[in-house]
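Coordinate analysis (summary)
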Amino acid sequence: PIMQMIGAIQFQDVVKRRLRDLVQAFDQMNNTVDESVSQVSGDPDLSAEAMDAIVLDNLNRVAHACTQDLKARQSTDGNEPQAQGSAIELF
C-alpha cells in the first residue's frame, strides 16, 4: 500500500510537470501568434501571400523550438532507472 501510494504521488508529479511544460509551450505559441499579427498589421503594403509567409515562418519556428524543448524536458524527467533500492518511477 505504501509503495503504491508513493508510485501514485510520483505519477501525479510527472503528469503535473508535463502539463506545466505544455502550458508553457502553448503560451509561447500564443505569443508568437500575437507578434505575427502585430508584424503583418504594421505594414499595410504587404500582400496576402507575404503575410501568410511571415505567419507560417514564425509558427514553424516556434513549433520546432517548443517540440525540441518538450522532448528535452521529457528526457530529463527522471526516466533513468535508479541504481539503488526499488525503482518506483513509473515513466
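Before any of the text, the structure's been laid out above.
Residues numbered from 1 in each chain as written. Predicted model: local features only at pLDDT ≥ 70, side-chain atom pairs only at ≥ 80, totals over all residues. Heavy atoms only, no water.

Digging into the environment of Val-55
For Val-55, the position within the fold is in helix α2 (residues 48-75). Look at Val-55 and you get partly exposed, because its relative accessible area is 28%. Setting aside chain neighbours within four positions, we find Val-55 in contact with Ser-36 and Val-40. (Helix = DSSP H or I, 4+ residues; strand = E, 2+ residues; numbered from the N terminus. Buried < 20%, exposed > 50% of the residue type's maximum accessible area, 1.4 Å probe, protein only. Contact = heavy atoms within 4.5 Å.)

Let's talk about the packing of helix α1 (residues 2-41) against α2
The contact between α1 and α2 brings their axes to 10 Å, and the two run at 165°. When the axis of α1 is compared with that of α2, the two are roughly antiparallel. The element α1 and its partner α2 pack so that their crossing is right-handed. Taken together, the residues of α2 that come into contact with α1 (itself represented by Arg-18, Asp-21, Leu-22, Gln-24, Ala-25, Gln-28, Met-29, Thr-32, Val-33, Ser-36, Gln-39 and Val-40) are Met-51, Ile-54, Val-55, Asn-58, Leu-59, Arg-61, Val-62, Ala-63, Cys-66, Leu-70, Arg-73 and Gln-74. For the contact of α1 with α2, a count of residues per class yields 13 nonpolar, seven polar and four charged. (Axes fitted to C-alpha atoms, helices over the stretch in contact; angles between N-to-C directions. Parallel < 35°, antiparallel > 145°, perpendicular 65-115°, else oblique. Left-handed = near helix turned anticlockwise from the far one by under 90°. Nonpolar A, V, L, I, M, F, W, Y, C, P; charged D, E, K, R; others polar.)

Considerations on a nonpolar patch on the surface
Residues Ile-2, Met-3, Met-5, Ile-6 and Ile-9 make up a contiguous nonpolar surface patch of roughly 490 Å² in combined accessible area. In this fold, Ile-2 is placed in helix α1. By relative accessible area, which is 59% here, Ile-2 ends up exposed. (Patch = residues over 30% accessible without salt bridge, like charges linked within 9 Å, V, L, I, M, F, W, Y side chains within 5 Å. Areas by Shrake-Rupley, 256 points an atom, 1.4 Å probe, with all protein chains shown as cover. Salt bridge = Lys/Arg side-chain N within 4 Å of Asp/Glu carboxyl O.)

Considering the side chain of Asp-21
Take Asp-21: it is sitting in helix α1. Within the local environment of Asp-21, its side chain forms a polar contact with the side chain of Arg-73, the two groups lying 2.7 Å apart. In contact with Asp-21, not counting residues within four places along its chain, are Leu-70 and Arg-73. (Polar contact = N/O pair within 3.5 Å; in protein donor to acceptor, adjacent residues only side chain to side chain.)

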